[in-house]
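Letter by letter, the chains look like this.
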Amino acid sequence: MKQYDYVIVGAGSAGCVLANRLSKNPRLSVAVIEAGPSSDSWKVDMPGALLYAMHDPKLNWKYYSEPEPHLNNRQIFCPRGKMIGGCSSHNGMVFIRGHAQDYNSWAQKGLTKWSYNHVLPYFKKIETWSGGANKYRGGNGPLHVSKSNIADTNPLYQSVIKAAEQAGYPFTEDANGFMQEGFCTFDFTVKDGIRWGTGKAYMQTVYKRKNVDIFLKSQVQKIIIKNKTAKGIEITNKNRKEEIFADREVIISCGSINSPQLLMLSGIGNASELQKLNIEVIHNLPGVGKNLQDHLEIYTQFKCIQPVSLYSLFNNPLVKVYQGMQWFLFKKGMLSHTHLEAGGFVRSSNDYDHPNLQFHFFPSLVINHGLGKPDCHAFQFHTSPNRPTSRGWIKLRSPHSTDYPIIQFNYLETEEDRRQMRDSVRIARNIFFQEAFKSYLGEEISPGLDKQSDKDLDEVIRNNADTAYHPSCSNKMGVDSMSVVDPETKVYGINNLRVVDSSIMPNIISGNIHAATLMIAERASEFILD
Ligand SMILES: Cc1cc2nc3c(=O)[nH]c(=O)nc-3n(C[C@H](O)[C@H](O)[C@H](O)COP(=O)(O)OP(=O)(O)OC[C@H]3O[C@@H](n4cnc5c(N)ncnc54)[C@H](O)[C@@H]3O)c2cc1C
């Protein structure tokens, strides 16, 4: 019988942090169970190769939403990493903590130990920042976070930051430091031209420890629960069923789609929904899978009248080969970057006391999640509301773990979200129209200059808006009746069971969510060890 102190399900972004912190004490035994394979691959290491892992079914769950009612019934692609490091092994590597007010609003909801002052030390603990430690930044953590130097290699980045200033949006030295609001080059989880996901940052030490067993290609089917106490898990490995037991705790870190799915498969969720699928109800917890949130983006695209975009990298095989060699031999060149490396945080009106929109600048066109090639030199802003008010859900499609769950984001259900999307397009255009960008600005590709009215923009958004890949909040932490975990990440109603990953955010934060996920895992590992 396999028996450990802790069983961690999912060696993704959060799971790797937990594996590292919980196994630091050699007297504690830890099992880490991951559905996917290892992440030892150039597709993971090369920053410019992120599309390969994102579309590879061996390394990705490749979910789709149900038809989205407010997006003209389009089904939205929802890639999720399936390997050591999870999404951190194929994400865009933008490292943004969110705004201090995000965490203060969590505290106001009863999560008093999650205010900005409480979480800042954990954000610092995560990182070794290339700019050096200071009041806000860490200098000694496992995750290497580098300030992008892309503006040294491509003039568009300096110009877009200047144009934003001319449009009235300030320059900020460090969006993760004192002031988020404004434009700058972003931070990246890249070290010396190599992706630094949690599989590298946190697992390299774990591999050397004797008190940890890692089970790869092992999908957990069910949590074993007796007398309302989690005892272990059931996995299939090469079509063989196996049970693994935990003396202390089972910790679920399967991400915002799979964590609620696994709870529901184990009989924890909305009782009537489970009964309809003939699943024995172990604990009625109606919030499981509800409160799903994501950042939805719209692209504002223009032709570039100078040959400084990524067009040649996408279209000229010689450039591709040369840049490939640059990376394989020296870890340098265009493929050592993701190019999504500048942007900003904006308040679209004074009604917001902190930025409600995020802008990412990209010196090319993004077509069909990177599968399409641009046919001209061009650039774009991706813009999204930081704190959408629409809510979606995850439900089981069947009682079988092999059936993908029902994912309904319900994007743009509210007029507030639709208004913010329209505002973001208008602000993006205004920035591109500034003097600093004049020498690059060609014809507007999308939405198209004839699309000016609210009605026309709404239609463009319904037909084109797409995910920023930040599903979250589907097992919210809180103190109300729809909360799934308590303020110390323990599942309500079941002993020895926690959820620790992006699904427990009570509300999505203002920015890319990877950093916040790692902070949650760092903080939870202290709760667990305490
Ligand atoms: C394409 C893409 C780009 C992104 N870009 C950025 C970015 O630039 N910046 C940013 O901040 N955020 C980005 N994100 C979002 C961010 O990376 C994720 O939200 C975050 O890393 C999720 O962490 P997690 O620990 O919750 O889940 P994950 O990292 O997804 O980890 C879950 C792990 O659990 C495993 N698992 C699931 N079910 C089971 C099971 N039943 N049994 C065993 N194992 C299981 C999975 O295989 C996976 O390894 C991006 C996401 C995507 C998909």
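Refer to the structure above for everything that follows.
Because the structure is a prediction, the values reported are computed rather than measured. (Residues numbered from 1 in each chain as written. Predicted model: local features only at pLDDT ≥ 70, side-chain atom pairs only at ≥ 80, totals over all residues. Heavy atoms only, no water.)

(A) Quick peek at the environment of Phe-433. Relative to the elements of secondary structure, Phe-433 occurs in the loop between helix H13 (415-432) and strand E24 (441-446). Taking the C-alpha atoms as reference, Phe-433 lies 9.8 Å from Ala-164; in sequence the two are 269 residues apart. Discounting residues that sit within four places of it in the chain, Phe-433 has contacts with Phe-302, Leu-441, Glu-444 and Leu-449. (Helix = DSSP H or I, 4+ residues; strand = E, 2+ residues; numbered from the N terminus. Contact = heavy atoms within 4.5 Å.)

(B) Structural detail: the site of the ligand. Surveying the vicinity of the ligand reveals 37 residues, the closest of which are Ser-13, Glu-34, Val-94, Ser-502 and His-514. A distance of 2.9 Å is found between an oxygen atom of the ligand and a backbone nitrogen or oxygen belonging to Cys-87. Between a nitrogen atom of the ligand and a main-chain N or O atom of Val-94, the distance comes to 2.8 Å. Considering the ligand on its own, with 1,000 Å² of exposed area, one finds that the protein chains cover 98% of that surface. Mapped onto the shell around the ligand, the elements with two or more residues apiece are helix H1 (13-22), strand E13 (218-226), helix H9 (255-265) and helix H15 (514-529). With three residues, the top contributor of residues to the shell around the ligand is E13. Class assignment for the residues of the shell around the ligand results in 15 nonpolar, 18 polar and four charged. (Near = heavy atom within 4 Å. Polar contact = N/O pair within 3.5 Å; in protein donor to acceptor, adjacent residues only side chain to side chain. Areas by Shrake-Rupley, 256 points an atom, 1.4 Å probe, with all protein chains shown as cover. Nonpolar A, V, L, I, M, F, W, Y, C, P; charged D, E, K, R; others polar.)

(C) Inspection of the packing of aromatic side chains at higher detail. Under the counting rule described, the total for this entry stands at 31 aromatic pairs. Joined through ring pairs, the aromatic side chains of Tyr-157, Tyr-169, Phe-183, Phe-302, Phe-359, Phe-361, Phe-379, Phe-381, Phe-432, Phe-433, Phe-437 and Tyr-440 make up one cluster. Just above the ring of Trp-327 sits the side chain of Lys-331; from NZ or CZ to the centre is 4.3 Å. (Phe/Tyr/Trp six-rings, centres within 6.5 Å; stacked < 30°, edge-to-face > 60°. Lys NZ or Arg CZ within 6 Å of the ring centre and 35° of its normal.)

(D) Region of interest: the packing of H13 against helix H14 (residues 454-464). Running from N to C, H13 and H14 cross one another at 100 degrees; their axes reach a closest spacing of 10 Å. On the basis of the axis angle, H13 is roughly perpendicular to H14. The residues of H14 that touch H13, namely those facing Arg-418, Met-421, Arg-422, Val-425, Arg-426 and Arg-429, are Asp-454, Leu-457, Asp-458 and Ile-461. Of the residues in the contact of H13 with H14, the class split is four nonpolar, no polar and six charged. (Axes fitted to C-alpha atoms, helices over the stretch in contact; angles between N-to-C directions. Parallel < 35°, antiparallel > 145°, perpendicular 65-115°, else oblique.)

(E) Representation of a nonpolar patch on the surface. A contiguous nonpolar surface patch, about 430 Å² in accessible area, is contributed by Val-321, Met-325, Leu-329 and Phe-330. By the element assignment, Val-321 lies in helix H12 (residues 317-330). Judged by its relative accessible area of 51%, Val-321 is exposed. (Patch = residues over 30% accessible without salt bridge, like charges linked within 9 Å, V, L, I, M, F, W, Y side chains within 5 Å. Salt bridge = Lys/Arg side-chain N within 4 Å of Asp/Glu carboxyl O. Buried < 20%, exposed > 50% of the residue type's maximum accessible area, 1.4 Å probe, protein only.)

(F) Just unusual backbone geometry, in detail. Here the residue pair Ser-446 and Pro-447 is connected by a cis peptide bond, since its omega of 0 degrees sits within 30 degrees of zero. The topology assignment puts Pro-447 in the loop between E24 and H14. Phi angles above zero are rare outside glycine, and Asn-73 is one such case at about 60 degrees. By the element assignment, Asn-73 lies in the loop between strand E3 (63-64) and strand E4 (77-78). By relative accessible area, Asn-73 is classed as exposed at 51%.

(G) Spotlight on the sheet that holds strand E7 (residues 143-147). The mixed open sheet is built from four strands, whose spatial order is E5-E9-E7-E6. Each end of this open sheet is capped by a strand with a single partner; those strands are strand E5 (94-95) and strand E6 (127-129). Where E6 lies against E7, three bridges are found, and the strand directions are parallel. Looking at E7, one finds that Thr-128 is bridged to His-144. Along the sheet, helix H5 (residues 116-126) contacts E5, E6 and E7; its crossing angle with E6, the most-contacted strand, is approximately 70 degrees. (Pairing = 2+ DSSP bridges.)

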